[in-house]
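Notes for the structure review
In case you want the letters, here they are:
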There are 2 protein chains.
Amino acid sequence: MHHLTEGLVERGYDVTLFATGDSITNAKLESVCPHGFYEDESLDAGVCQWLHISNAFEKAREFDILHSHYDFYPLTFSRLTSTPLLTTIHGFSSEKILPVYRKYRDNYYVSISNSDRAEGLNYVATVYNGIAVDSFDFNDAPDDYLLFFGRISYDKGTHRAIEVAKETDMTLKIAGLVADEHRAYFEKYVKPEIDGEQIQYLGMVNEETRNELFKQAYCSLHLISFAEPFGLTLVESLACGTPVIASNKGSVPEILIDGETGFIVQSSRDAINNVPRVHGIRRQNCRRRAEFFNVDRMVDGYVKVYETILEREAEQSAM
Amino acid sequence: MHHLTEGLVERGYDVTLFATGDSITNAKLESVCPHGFYEDESLDAGVCQWLHISNAFEKAREFDILHSHYDFYPLTFSRLTSTPLLTTIHGFSSEKILPVYRKYRDNYYVSISNSDRAEGLNYVATVYNGIAVDSFDFNDAPDDYLLFFGRISYDKGTHRAIEVAKETDMTLKIAGLVADEHRAYFEKYVKPEIDGEQIQYLGMVNEETRNELFKQAYCSLHLISFAEPFGLTLVESLACGTPVIASNKGSVPEILIDGETGFIVQSSRDAINNVPRVHGIRRQNCRRRAEFFNVDRMVDGYVKVYETILEREAEQSAM
C-alpha cells in the first residue's frame, strides 16, 4: 500500500505508516521490528506481529482512523479503542477465518472488487487496487506472441495458456515465480512443454523486462480457474495497450470490458476461438481502461471512504 | 490450572474460566471454540487464539483481575484496559519472546520458581505449581528399582538414569512419552539399552500406573541438564515417599532438600555415589515436603497475589 500512503501524504494528509523499520515512505514511520522477520532469524514472527498490532492500537487515540491491510488480526483489538478501524480485505485466505469477520462485522470494510465480498459485513465501498499507469509505456505496434505473466500454478492456468498457444500455432512467453507448493504442477504440466521456441519460460523477471513483455505482446492470457480477488496483472497488461483474454471468474468482469479491451471466456476452446479476434481490439481502449485503475483513483476512493467513516462516527456520537 | 480455578471457587470467589467449551469446571465458563483446535480440522489455530484472547479483554471491565497463563500474547492487549493483568510465566519458550515481556515489564507477574525469573519484570511473587497430594498414596515399604518418569529426552537425562542403573547394578523403570523431536535421541541412546530386565521401558502410562511406579520406587532419578522452570514430577515422587536424586539445575534446589528428601548432585558420578545413601532418607520427610506443594498452598499463594495487586491498584488510583 505504498501508493496509498504516498498519495495521501502528497495530498496533505497526516499519515503514520506502521511497518518494518526499513520501509521507504514519506509518511511518519512507526515500527517495532527493524525489518521483516523472514529476513532475520533473531526475530520471532509471532512477537513481531503482536507487538506491531498492539503498538498501533496503543496509539490509536492519536488518529482519526486506523486503516488495516493486515488480515483479520487487528479486528480483535477493535473494540478496545474508540478510534474507528477500517479493514481492506485483500482476499480471504480460508473459510476458517470467516468467524472473526462475522464477529466484527460492524467494523468498516473495503473490498478490492465487488466479486470478493463476504456476506453480512459492513462494507463502505469497493476500492480497486491501483497501479502507476505512467510507469507503463503504451505500445500500439506489438509483436505477435501470447503472454502468460504471473505465478505459475494450476489456478492461474499456465497449462491452459500453453494449450491456447499450441492450438493457435502462436508463440507463448511465460514469466513468473514457481512457488514450492506449485513445483509439482510445474514439473508435470509446464516444463515438458517448454521448447524455448514456441513455448518459452523466462523465469522471474525484473520490472523493466516485465513492462517490455507486456508492451510487445499480441495479447495476455489469464485463464484462471479461481475467483481471484483482484487481477492486477490484467491492469498492467492493459496499461501497455495489450488486450487480455481471461476467464469469467472473480474480478475479471470488473476489469475487462468484453470485446473492447479483450475477451471474457468460458473455456480454453472459447479462448482459442477469440485469439484471432484480438486484432479487432483498439489498443488505445486498453490503455484508457487501465487509467480507470490509476493510483490516483485508488487514493480518491480511500479518501471518500475515510470521509464516510468520519461522518458516520460523528452521527453516532451525536445520537 | 484446573486446581487453581476449582480451589478459588471452593473458597467462594467469583471465577470465570476462559477456555475451550469442553472444559470441565465449577467456575463460569467462557469459550469461543468448542474444543481444542488440535482436535478439529475445521478450526484455525490463529482464529481460536485471537478470538479467545480478545473475548477476555472485551469483558475485562466485568472483572477485578485478569489472570493469564497464556504466554506473552495477552500482554499485548493489557494497555487497552484498566483491569490489571496478572501473568503466570510457565517458562520462557525462547529468548526471542523476551522483547514482549520487556515492553510490558510493569504488568504483574508470577514466576513458578525463583530460578525461572527474567530480569527487570515486575514480579509479585513466586507461586509454586501444586499437586493434589492426597491423590498420591504414601508408601514406606518400597521395591528396589530406580525410576525415570517424564518425557524421554537428552535434557531430561534418560541416558544418565540408564548409566546410574548400570553402574549400581539396579533395575531402572522408564515411563514417559517419546515426542517426535526426541525420537532420534531415543533410538540412539535409550532403545539399545532396553533389555526388559535391568532396563525396562513402559511407554506412556495412565495415572494409576504412574502412582504405583512412584510408590514402589527405591528412588527417582531426575538428572536434567537444563534449567527446568518447575519440576512437578519431583513433587509427585516425594508425595509417594520416594526420594529423588536430581541435578543441581533450575527449580531443583527449591523443591528437594539435599540429604533430607533426596540428593542434589553435580554429575552422574555424584548420582551413582549417592544411590546407596538413599537408604538413609526417611520417606516420611519426602511426603511432608510434598505437602508444601499441595494445591491448597498454591491457591493460598495466588489469593495473596490477587490481594497485593488490588492494594497496589487502589494506591495508584488514589494518587
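Heads up: the structure comes first, above all this text.
Rules used throughout
- Residues numbered from 1 in each chain as written.
- Chains lettered and ligands numbered in written order.
- Predicted model: local features only at pLDDT ≥ 70, side-chain atom pairs only at ≥ 80, totals over all residues.
- Heavy atoms only, no water.
- Helix = DSSP H or I, 4+ residues; strand = E, 2+ residues; numbered from the N terminus.
- Salt bridge = Lys/Arg side-chain N within 4 Å of Asp/Glu carboxyl O.
- Buried < 20%, exposed > 50% of the residue type's maximum accessible area, 1.4 Å probe, protein only.
- Pairing = 2+ DSSP bridges.
- Axes fitted to C-alpha atoms, helices over the stretch in contact; angles between N-to-C directions.
- Contact = heavy atoms within 4.5 Å.
- Least-squares fit on C-alpha atoms with pLDDT ≥ 70 in both.
- Buried area = accessible area lost by both parts, 1.4 Å probe.
- Nonpolar A, V, L, I, M, F, W, Y, C, P; charged D, E, K, R; others polar.
- Polar contact = N/O pair within 3.5 Å; in protein donor to acceptor, adjacent residues only side chain to side chain.

This part takes up unusual backbone geometry. The residue A:D71 is not glycine, and still its phi comes out positive at about 55°. The residue A:D71 is located in the loop between β3 (66–68) and β4 (85–89) in this model.

For the rest of this paragraph, the subject is the pattern of salt bridges. Applying the stated criterion across every chain yields a total of 30 salt bridges over all chains. Its salt-bridge partner being A:D14, residue A:K28 comes within 2.8 Å of it at the nearest N-O pair. Residue A:K28 is located in strand β2 (residues 28–30), and its partner A:D14 is located in the loop between α1 (2–10) and β1 (16–18); the two are separated by 14 residues in the primary sequence. Exposure remark for A:D14: the relative accessible area of 64% places this residue in the exposed category. Of the charged contacts in the structure, one is a salt bridge between B:K59 and B:E30, with a shortest N-O distance of 3.1 Å. In this pair, B:K59 is assigned in the loop between α2 (45–58) and β3 (66–68) and B:E30 in strand β2 (residues 28–30), connecting sequence segments 29 residues apart. The exposure class of B:E30 is partly exposed, given its relative accessible area of 22%. When salt bridges that share partners are traced, they join A:R11, A:D296 and A:D300 into one network.

On to the sheet that holds strand β9 (residues 199–201) of chain B. Each strand in a sheet pairs with another by means of backbone hydrogen bonds, the pair being arranged parallel or else antiparallel. Residue and element names in this part refer to chain B. Taken together, the six strands give an open sheet; going across it, the order is β9-β8-β7-β10-β11-β12, and neighbouring strands pair in parallel fashion. A single partner strand is all that each edge strand has here, and the edge strands are β9 and β12 (262–265). Each strand of the sheet is rotated relative to its neighbour by a mean of 20°, with strand direction disregarded. Along the sheet face, helix α7 (residues 232–239) touches β7 (145–149), β10 (217–222) and β11 (244–247) and points at about 165° away from the line of β11.

Turning next to the relation of the copies chain B and chain A. When chain B is fitted onto chain A, the two copies agree to an RMSD of 0.0 Å after a turn of 180° and an axial shift of 0.0 Å. These values place the two chain copies in the arrangement generated by a two-fold rotation axis. Closest approach to the rotation axis among the C-alpha atoms of chain B is made by B:L80, whose C-alpha sits 3.0 Å away. Residue by residue, 100% of the interface of chain B is reproduced at the interface of chain A, so both copies engage with the same surface.

With 26 residues of chain B at the contact, the number on the chain A side is 26 residues. Where chain B abuts chain A, roughly 2,300 Å² becomes buried across the two surfaces, and 71% of that area is made up of carbon and sulfur atoms. A per-residue breakdown of the area chain B buries against chain A is headed by B:W50, B:L80 and B:K96, which together make up 34% of the total. Of all the elements in the fold, those that place two or more residues in the side of chain B that touches chain A are α2 and α3 (98–103) of chain B. A per-element tally of the side of chain B that touches chain A places α2(B) first, with 10 residues. Residue classes in the side of chain B that touches chain A are distributed as 14 nonpolar, six polar and six charged.

With that settled, the discussion passes to the environment of B:T83. All names here are of chain B. In this structure, T83 sits in the loop between β3 and β4 (85–89). You can call T83 buried: its relative accessible area is 8%. Considering only alpha carbons, one finds T83 and W50, 33 residues apart in sequence, at a separation of 19 Å. Once residues lying within four places of it in the same chain are set aside, the contact partners of T83 are A60, R61, F63, D64, I65 and L66. A polar side-chain atom of T83 sits 2.9 Å from the main-chain carbonyl oxygen of A60.

Any link to function would need more than the numbers given here.
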